[in-house]
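Working through the structure, step by step
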Amino acid sequence: MLARHSVLMVVVFGMVLSGLIYLNNIQCRLVYKQPDVLAGRTDVASVSPWSAPIIWEGNFDSALIDSIYKQHNLTIATTVFAMGKYTRFVKDFLESAEEHYFVGFRVHFYLFTDQPESVPEVKMGENRTLTIQKVPVLNRWQDISMSRMEKLEKLIETELASKADYIFCLDVDTKFYGRWGAETLGRLVGVIHPYLYNVPRNQFTYERRPASKAYIAAEEGDYYYAGAAFGGSLEDVHHLTRTCREQLSIDAANSIEAVWQEESHLNKYFLLNKPSKLLSPEYMWRGISEQAAPIKIVRFTNVPKNYAEIRPNP
Ligand code: 5GW
Ligand code: MN
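Here's a quick rundown of the structure. In this text, all values refer to a predicted model and were calculated from it rather than measured experimentally. (Residues numbered from 1 in each chain as written. Chains lettered and ligands numbered in written order. Predicted model: local features only at pLDDT ≥ 70, side-chain atom pairs only at ≥ 80, totals over all residues. Heavy atoms only, no water.)

**Some words on the pattern of salt bridges**
Two side chains that carry opposite charge are able to pair once their charged atoms sit near each other. Definition in use: By convention in these notes, a salt bridge is any Lys or Arg side-chain nitrogen within 4 Å of a carboxyl oxygen on Asp or Glu. Between buried and exposed lies partly exposed: a residue is buried under 20% and exposed over 50% of the maximum accessible area for its type, with that area taken using a 1.4 Å probe on protein chains only. The numbering of helices and of strands both runs from the N terminus, where a helix is a DSSP run of H or I of at least 4 residues and a strand a run of E of at least 2.
In total, this model carries 22 salt bridges according to the counting rule given. Note that Asp43 is salt-bridged to Arg41, the shortest N-O span being 2.9 Å. On the basis of relative accessibility, which here comes to 17%, the residue Arg41 falls in the buried class. With a shortest N-O distance of 2.7 Å, Arg299 and Glu57 are connected by a salt bridge. Taken together, the residues span a long stretch of sequence, with Arg299 in the loop between strand E11 (277–279) and strand E12 (300–302) and Glu57 in the loop between strand E3 (54–55) and helix H2 (62–70) at a distance of 242 residues. The structure contains a network of salt bridges with shared partners spanning Arg41, Asp43, Glu57, Glu282 and Arg299.

Pasting the structure below:
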């Protein structure tokens, strides 16, 4: 009786304190707000027509998600490219990731750059490492764009096989402002593009020329996905990068380049291979000061850049 009482008191006290408490040393139980069958966000869709969850603030409990995934001792590989002048983005990207990205999990960053010497020193937390891979200078942006999928494909084959459970591939001209955590893990994960989440599919900027392997007809398509972030299991992302690399090179051989390069091919891939989880535009927003009704929290954004100044000449 006394024991039961004290458990109850801890529970009540814990709930008052934080709303949630992990009773590891008492009963290995987790106490959290009861899931509600009938209530939830009604202003956004939380599931795709093929029943993949769409992750929005308000539809998951971070502490509960963490307690589930923590048990699996996961490693998240994360890749970014910083070629040419894009090395200037590395510091903010990594420092903000240290604050918000898979906090408490093992994270291994792989940075591909043509100038390792201009990568700033960033203090990494416990269980978080950065590997810098030097790659040859590429001056044509078409080559930078082409080479990303190929580099990722090779990294997964040669390096990651036994070293990571999941991988995310991110643009470097970005910054974290809010949690990006285990709620994003899944077999194949795509992010809904911040500018095209609320337009009819015939207005998506898919590749519309049938001569390209990335072609999607006006009456087809699910969502328009951002090229700046995708991920999933090693196996699924390997298949994605291999397929996109192949399709990009078939296009190149036919002297056609899809309107948004890898993003166009990624969108074609996701049309034919449906993601198992979709991230809302909270996970790739337009900028920290941009507002829109469904966006309750900005987790990850584009950083504004002067295209003429930063990109190599065409
Ligand atoms: C340069 C010229 C045109 C397009 C891309 C580049 C470029 C891209 C570059 O010179 N260096 C480089 O590291 N990148 C990598 O590709 C960065 O990781 C960058 O975040 C990613 C995608 O290119 P972005 O960010 O310029 O494309 P948008 O569509 O996000 O503006
Ligand atoms: Mn970008």
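Next comes the rest of the description.
**Details of the coordination of the manganese ion (ligand 2)**
For clarity, the threshold we go by: Distances up to 2.8 Å from the metal define which N, O and S atoms are donors, and 3.2 Å serves for Na, K and Ca; water is absent from the atom set, so sites may look incomplete.
Listed as protein donors to the manganese ion (ligand 2) are Asp171 (OD), Asp173 (OD) and Asp173 (OD); their distances from the metal cover 2.1 to 2.5 Å. By relative accessible area, Asp171 is classed as buried at 17%.

**Considering the site of ligand 1**
Counted only if it meets this: Proximity criterion: a residue is near a molecule or strand once any of its heavy atoms comes within 4 Å of it. Whenever two N or O atoms come within 3.5 Å, that pair is a polar contact, provided that in protein one can donate a hydrogen and the other can accept it, and provided that, for residues adjacent in sequence, both atoms are side-chain atoms. Computed with a 1.4 Å probe, the accessible areas rest on the Shrake-Rupley method; for each residue, only the protein chains presented here act as cover. We place a 1 Å grid over just the protein atoms. Points where a 1.4 Å probe fits but has no way out form a cavity, open points with protein on both sides within 12 Å along at least 5 of 7 lines form a pocket, and any residue with an atom within 4 Å of a point lines it. Molecules are considered to sit inside a cavity or pocket once more than half of their atoms lie within 2 Å of its grid points. We call Asp, Glu, Lys and Arg charged. Ala, Val, Leu, Ile, Met, Phe, Trp, Tyr, Cys and Pro are nonpolar, and the rest, Gly among them, are polar.
Surrounding ligand 1, one finds 14 residues, the nearest of these being Phe81, Met83, Tyr86, Lys305 and Arg311. Here an oxygen atom of ligand 1 and a backbone polar atom of Met83 are 2.6 Å apart. In the complex, 86% of the free accessible area of ligand 1, which totals 580 Å², lies under the protein chains. With respect to the detected pockets, ligand 1 is housed in the largest pocket. Counting residues per element, the ones that place at least two in the shell around ligand 1 are strand E4 (75–82) and helix H4 (141–160). Per-class residue counts for the shell around ligand 1 are 9 nonpolar, no polar and 5 charged.

**A look at the layout of surface pockets**
The criterion, for reference: Grid points are joined across faces, edges and corners, and a volume is the space filled by probe spheres set on the points.
For the largest pocket, the calculated volume is near 1,300 Å³. If you go around the largest pocket, you meet 42 residues; those closest to its centre are Tyr86, Asp171, Lys305, Tyr307 and Arg311. Those elements that provide at least two residues to the lining of the largest pocket are E4, H4, strand E10 (225–233), helix H6 (261–272) and helix H7 (307–310). The greatest single-element share of the lining of the largest pocket, amounting to 4 residues, is contributed by H4. There is about 450 Å³ of room inside the second largest pocket. For the second largest pocket, the lining is made up of 15 residues, of which Pro35, Gly58, Asn59, Phe60 and Asp61 are closest to its centre. In terms of residue class, the lining of the second largest pocket is built from 7 nonpolar, 4 polar and 4 charged.

**Some details on the packing of aromatic side chains**
Put simply, the rule reads: Two rings from Phe, Tyr or Trp (for Trp, the six-membered ring) form a pair when their centres sit within 6.5 Å of each other. Planes less than 30 degrees apart are called stacked, planes more than 60 degrees apart edge-to-face, and all others tilted. Should the NZ of a Lys or the CZ of an Arg lie within 6 Å of a ring centre and within 35 degrees of the ring normal, that charge is described as sitting over the ring.
For the coordinates displayed, the defined rule picks out 23 aromatic pairs. Taken together, a centroid distance of 5.6 Å and an interplanar angle of 40° make the contact between Tyr206 and Tyr224 tilted. Of this pair, Tyr206 sits in the loop between strand E9 (188–192) and E10 while Tyr224 sits in the loop between E9 and E10, and the two are 18 residues apart along the sequence. On the basis of relative accessible area, Tyr206 is assigned to the buried category, the value being 4%. By relative accessible area, Tyr224 is classed as buried at 1%. By way of ring pairs, the aromatic residues Phe93, Tyr101, Phe102, Phe105, Phe109, Phe168, Phe176, Trp180, Tyr283 and Phe300 are connected into one cluster. Taking the ring centre of Trp50 as reference, the NZ or CZ of Lys274 above it sits at 5.3 Å.

**Here we look at empty space enclosed by the protein**
Under the definition given, this model contains 1 cavity of 30 Å³ or more. Contributing to the lining of the largest cavity are Thr79, Val80, Phe81, Arg148, Met149, Leu152, Cys169, Leu170, Gly227, Phe230, Glu262 and Leu266. Going through the elements one at a time, E4, H4, strand E7 (166–170), E10 and H6 are the ones with two or more residues in the lining of the largest cavity. In terms of residue class, the lining of the largest cavity is built from 8 nonpolar, 2 polar and 2 charged.

**Considering the sheet that holds strand E6 (residues 128–134)**
Spelled out, the test is: Note: two strands are recorded as paired if DSSP finds a minimum of 2 bridges between them. We call two residues contacting when some pair of their heavy atoms lies within 4.5 Å. Axes here mean lines fitted to C-alpha atoms, for a helix over just the part in contact, with angles spanning 0 to 180 degrees between N-to-C directions.
The strand order E3-E11-E9-E10-E7-E4-E5-E6 describes an open sheet built from 8 strands, whose pairing is mixed. The open sheet terminates on both sides in strands that have one partner only, identified here as E3 and E6. With 8 bridges connecting them, E4 and strand E5 (residues 106–113) associate as parallel partners. Each residue of the ladder has a partner; that of Thr79, found in E5, is Tyr110. Contacting E4, E5, E6 and E7, helix H3 (residues 90–100) runs over the sheet at an angle of about 175° to E5. Here H6 sits on the sheet and contacts E9 and E10; the angle it forms with E10, its principal contact strand, is near 50°.

**A closer look at the nonpolar core**
Rule in force here: In plain words, nonpolar cores are sets of buried Ala, Val, Leu, Ile, Met, Phe, Trp, Tyr and Cys residues tied together by side-chain atoms within 4.5 Å.
If you look at the biggest cluster of nonpolar residues, it comprises 41 residues, and the most contacted ones within it are Phe93, Tyr101, Phe102, Phe168, Leu170, Trp180 and Leu185. Every element with two or more residues in this core is listed here: H2, E4, H3, E5, E7, E9 and E10. In terms of residue count, the dominant contributor to this core is H3 (4 residues). Ignoring any residue separated from it by four or fewer positions in sequence, one finds Phe102 in contact with Ile76, Val107, Arg128, Phe168, Trp180, Gly181, Ala182, Thr184 and Leu185. One finds Ala77, Tyr110, Ile192 and Trp285 within the second-largest nonpolar core, a separate group that totals 35 residues.

Everything listed here is a matter of geometry and, on its own, says nothing about what the molecule does.
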